[in-house]
Amino acid sequence: MKIIAGNWKMNGTPEENIARLRGIKEAVKPTQNKIIVFPPFLSVPDAVSVLADSDIAIGAQNCYPRPDGAFTGEVSVTMLKGVGCAYCLVGHSERRQYFAESDDFLREKVIAVAEAGMIPVFCVGESEEQRENGSYRRVLAGQIKNVLSGLKLEKEEIYIAYEPVWAIGTGKTATPEDADETMGMIREILRDIGQPDDLYLLYGGSAKPANAEALLSRKNIDGLLIGGASLKPDDFAAMAAVQL
Ligand code: PEP
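Within each chain, residue numbers correspond to sequence positions counted from 1 in written order. In keeping with the predicted nature of the model, local features appear solely for residues at pLDDT of at least 70, side-chain atom pairs appear and are counted solely at 80 or more, and the whole-chain, interface and lining totals rest on all residues. Excluded from the side-chain calculation are hydrogens and water; included are all heavy atoms of the structure.

Enquirer: Even after reading the chapter, I still don't get the nonpolar core, so can you show me in this structure?
Expert: Looking at soluble globular proteins, one finds that nonpolar side chains tend to be buried together. Buried Ala, Val, Leu, Ile, Met, Phe, Trp, Tyr and Cys residues that are joined via side-chain atoms within 4.5 Å together make up what is termed a nonpolar core. A simple rule labels every residue: compare its accessible area, found with a 1.4 Å probe on the protein chains alone, to the largest value its type can have, and call it buried under 20%, exposed over 50%, or partly exposed in between. Grouped together as the largest cluster of nonpolar side chains are 66 residues, with contacts concentrated most on I4, V37, F122, L148, Y203 and L224. Core analysis: the next-biggest nonpolar cluster, separate from the first, contains 15 residues, I3, I36, Y159 and L225 among them.

As structure tokens, this is what we get:
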């Protein structure tokens, strides 16, 4: 079983996304893999109704880590759970970069998502400069330790997405070897902080039909978090269909 997750980011009007959802429902064939789509908030209710009689699960791209209250403009974990989300992205690099989300805030989100009964998909990743100067190991260890240390994590209750920032939306993909090696290191970091080292690890960064199988064949890669290619139903379906 592999996990194939599509992050649509801020794309599509509600009408366009209904068509996209129908296209995905039609194109994705029955599989042992776990398939998840992360549409924009406004398309989540449509995703719930269009995908109601399918095995495709629905996640949110973001949340506010309180059940309710005076937080104008935010969407709570309780609302997401109530509408039918089973997953929520936390710490995507675009949120770290454009919305200055700190490790402390991400830790609150991971806890809130889990306490609401959803699975956080916690994203980590280094910049190109950090990859090149070799500090990426320390950067990843910091991101993981600051957010996950001391939490009681179980294998089925959280996924970690390794998304090197330099590979997101750039067309540059980490080689399967490099991604696997770095994700093996993430397992060591988890061990170091006393967390299970067999958590599901997803790779993200310009994954596409042409490289999906090579990435998914690697020992430490349990799934893919797919941005651009997940917007095209046929491409997403081709990746969902990889059998290993
Ligand atoms: C992402 O945004 O999570 C992502 C991996 O994007 P892309 O596949 O477009 O690089």
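Enquirer: What's the story with the pattern of salt bridges in this structure? I'm lost.
Expert: Basic side-chain nitrogens of Lys or Arg form a salt bridge, by our definition, when they fall within 4 Å of a carboxyl oxygen of Asp or Glu. All told, the structure shown has 14 salt bridges when counted by the stated rule. R66 is the salt-bridge partner of E108, the closest N and O atoms lying 2.9 Å from each other. In this pair, E108 is assigned in helix α5 (residues 103–115) and R66 in the loop between β3 (57–60) and α3 (77–83), connecting sequence segments 42 residues apart. Assessed through its relative accessible area of 33%, E108 is described here as partly exposed. Of the charged contacts in the structure, one is a salt bridge between K152 and E154, with a shortest N-O distance of 3.3 Å. Among the charged side chains, a salt-bridge network with shared partners connects R95, E101 and K109. Under the DSSP-based scheme used, a helix requires at least four consecutive residues in state H or I and a strand at least two consecutive residues in state E, with every element numbered from the N terminus.

Enquirer: Teacher, can you tell me more about the sheet that holds strand β1 (residues 3–7) here?
Expert: Within a sheet, adjacent strands bond to each other through the backbone by hydrogen bonds, running parallel or antiparallel. Sheet architecture is closed into a barrel: 8 strands sit in the order β1-β2-β3-β4-β5-β6-β7-β8, paired in parallel fashion. Sheet twist, expressed as the mean angle between neighbouring strand axes with direction ignored, is 25°. A pair of strands is considered paired only if DSSP assigns at least 2 bridges between the two. With 4 bridges joining them, strand β6 (residues 159–162) and strand β7 (residues 200–204) adopt parallel strand pairing. Among the inter-strand pairings, Y159 is bridged to a residue of β7, identified as Y200. We call two residues contacting when some pair of their heavy atoms lies within 4.5 Å. Angles run from 0 to 180 degrees between N-to-C directions of axes, and those axes are lines fitted to C-alpha atoms, restricted for helices to the stretch in contact. Seen against the sheet, α5 touches β4 (87–90) and β5 (119–124) and runs at an angle of roughly 155° to β5. Each of β5 and β6 touches helix α7 (residues 136–148); the most contacted strand, β5, lies at about 150° to it.

Enquirer: Where do I start with the site of the ligand in this structure?
Expert: For this description, a residue counts as near a given molecule or strand if any of its non-hydrogen atoms is within 4 Å of it. Residues in contact with the ligand amount to 14 residues; listed here are only the nearest, K9, E163, G169, S206 and G227. Within the side chain of K9, one N or O atom sits 2.6 Å away from an oxygen atom of the ligand. Nitrogen and oxygen atoms within 3.5 Å of one another constitute a polar contact, given that in protein one can donate a hydrogen and the other can accept it, and given that sequence-neighbouring residues count only through two side-chain atoms. For the ligand, an oxygen atom lies 2.8 Å from a polar atom in the backbone of G227. In isolation the ligand has 290 Å² of accessible area, and contact with the protein removes 96% of it. Classes in brief: Ala, Val, Leu, Ile, Met, Phe, Trp, Tyr, Cys and Pro nonpolar; Asp, Glu, Lys and Arg charged; the others, Gly included, polar. For the shell around the ligand, the class distribution of residues is 4 nonpolar, 8 polar and 2 charged. Using a 1.4 Å probe, accessible areas were evaluated by the Shrake-Rupley method; residue-level cover was limited to the displayed protein chains.

Enquirer: Please explain helix α1 (residues 14–27) as it appears in this structure.
Expert: Since there are 3.6 residues in each turn of an α-helix, residues three or four apart along the chain are aligned in direction. An expected span of 1.5 Å times one less than the residue number is assigned to each helix. Here α1 is 14 residues long and its end C-alpha atoms lie 20 Å apart, about the 20 Å a rise of 1.5 Å per residue gives. Residues of α1 that are buried include every one of N17, R20, L21, I24 and A27, and no others. In an axial view of α1, the angular spread of the buried residues amounts to 135°, which keeps them on one side of the axis. Turned more than 90 degrees away from the buried face of α1 sit E15, R22 and E26, all of them exposed. Check the buried side of α1 and you find it contacts β2 (34–38), α2 (44–50) and α10 (233–240). Here, the arc refers to the directions that run from the helix axis to the C-beta atoms.

Enquirer: Sorry if this is basic, but what is going on with the pairing of β6 here?
Expert: Looking down a regular strand, the side chains alternate between one sheet face and the other. Residues of β6 alternate between two faces, with Y159 and A161 on one and I160 and Y162 on the opposite face, all of them buried. Where β5 meets β6, 4 bridges bridge the pair, whose relative direction is parallel. Note that in β6 the partner of C123 across the bridge is A161. In this view, the connection linking β6 to its parallel neighbour β7 by way of helix α8 (residues 176–192) has right-handed handedness. By convention a crossover is right-handed if, when the strands point away from the viewer, the path from the first strand over the helix to the second runs clockwise.

Enquirer: What's the story with the packing of α1 against α10 in this structure? I'm lost.
Expert: A pair of packed helices is characterised by two quantities: the angle between their axes and the separation of those axes. Between α1 and α10, the least distance of the axes is 9 Å, while the angle of their chain directions is 35°. The two elements α1 and α10 cross, and the hand of that crossing is right-handed. Touching R20, G23, I24 and A27 of α1 are P233, D234, F236 and A237, all from α10. Among the residues making up the contact of α1 with α10, the classes are represented as 5 nonpolar, 1 polar and 2 charged. Left-handed describes a crossing in which the near helix is turned anticlockwise from the far one by less than a right angle; the clockwise case is right-handed.

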